[in-house]
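# Inside the fold
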Amino acid sequence: MEKVLLLLGLLVMVYNVFYGLRLKRAIPGGVMGERGGQMLGLIAFFALAYLVVLLLTWSEPSSLLLLLLSLILLLGAVFVYMVLRLVDAIVASL
């Protein structure tokens, strides 16, 4: 179960990277453009971290701690998606 949650979190983060790239192109320059680039860099870093966690825990036996970690990471990826949608709505309204 933990591996599935970690994999889902990784897939959501990979989607977030592509969503962030699309959003970065739509954001005009200035402060929004600069912050958008920084946000995209952090999203890419965390997507890589999700992959590393998945690889490091792949052979670990199931445990409550691993289940909690997987759930937290998945919900973190969903949170990033929600923030990207919020930024997208703000940019669209400008």
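Placed above this text is the structure.
### Digging into the environment of Leu-67
Following the sequence through the fold, Leu-67 ends up in helix 3 (residues 64-93). With 38 residues separating them along the chain, Leu-67 and Gly-29 place their C-alpha atoms 41 Å apart. For Leu-67, the residues in contact, after removing those within four places along its chain, are Met-1, Glu-2 and Leu-5.

### As for helix 1 (residues 2-26)
A rise of 1.5 Å per residue sets the reference length of helix 1, with its 25 residues, at 36 Å; its end C-alpha atoms lie 36 Å apart and thus fit the reference within 8%. Every buried residue of helix 1 is listed here: Glu-2, Lys-3, Leu-5, Leu-6, Gly-9, Leu-10, Met-13, Asn-16, Val-17, Tyr-19, Gly-20 and Leu-23. Those residues of helix 1 that are buried lie in contact with helix 2 (30-57) and helix 3.

### Things to note about helix 2
With 28 residues, helix 2 extends 41 Å from end C-alpha to end C-alpha; this agrees with the ideal 40 Å at 1.5 Å per step. Turning to helix 2, the residues buried within the fold contact helix 1 and helix 3.

### Looking at the packing of aromatic side chains
In the structure shown here, the tally under the stated rule is four aromatic pairs. Plain terms: the ring middles of Tyr-15 and Tyr-19 are 6.0 Å apart, the flat faces sit at 40° to each other, and that makes the pair tilted. Note that Tyr-15 and Tyr-19 are positioned in helix 1 at a spacing of four residues, about one turn of the helix. Accessibility expressed as a relative area gives 47% for Tyr-15, which makes it partly exposed. Ring centres of Phe-45 and Phe-46 lie 5.5 Å apart, and the angle between their planes is 75°; on these two criteria the pair is classed as edge-to-face. Assessed through its relative accessible area of 53%, Phe-45 is described here as exposed. Owing to a relative accessible area of 42%, Phe-46 belongs among the partly exposed residues under this scheme. Here the aromatic cluster, defined as three or more aromatic residues joined through ring pairs, consists of Tyr-15, Tyr-19 and Tyr-81.

### Notes on the packing of helix 2 against helix 3
Where helix 2 meets helix 3, the closest approach of the two axes is 12 Å, and the angle between their N-to-C directions is 160°. On the basis of their axis angle, the class for helix 2 and helix 3 is roughly antiparallel. Of the two possible hands of crossing, helix 2 and helix 3 adopt the one that is left-handed. For the pair helix 2 and helix 3, contact is made by Met-32, Met-39, Ile-43, Tyr-50, Val-53 and Thr-57 and by Leu-66, Leu-69, Leu-73, Gly-76, Ala-77, Val-80, Leu-84, Val-87 and Val-91, respectively.

### Topic: a nonpolar patch on the surface
The grouping of Leu-48, Leu-51, Val-52, Leu-55 and Leu-56 at the surface amounts to a nonpolar patch, some 490 Å² of accessible area in total. With respect to the helices and strands, the residue Val-52 is situated in helix 2.

Conventions and cut-offs
- Residues numbered from 1 in each chain as written.
- Predicted model: local features only at pLDDT ≥ 70, side-chain atom pairs only at ≥ 80, totals over all residues.
- Heavy atoms only, no water.
- Helix = DSSP H or I, 4+ residues; strand = E, 2+ residues; numbered from the N terminus.
- Contact = heavy atoms within 4.5 Å.
- Expected span 1.5 Å × (residues − 1).
- Buried < 20%, exposed > 50% of the residue type's maximum accessible area, 1.4 Å probe, protein only.
- Phe/Tyr/Trp six-rings, centres within 6.5 Å; stacked < 30°, edge-to-face > 60°.
- Axes fitted to C-alpha atoms, helices over the stretch in contact; angles between N-to-C directions.
- Parallel < 35°, antiparallel > 145°, perpendicular 65-115°, else oblique.
- Left-handed = near helix turned anticlockwise from the far one by under 90°.
- Patch = residues over 30% accessible without salt bridge, like charges linked within 9 Å, V, L, I, M, F, W, Y side chains within 5 Å.
- Areas by Shrake-Rupley, 256 points an atom, 1.4 Å probe, with all protein chains shown as cover.
- Salt bridge = Lys/Arg side-chain N within 4 Å of Asp/Glu carboxyl O.

Any link to function would need more than the numbers given here.
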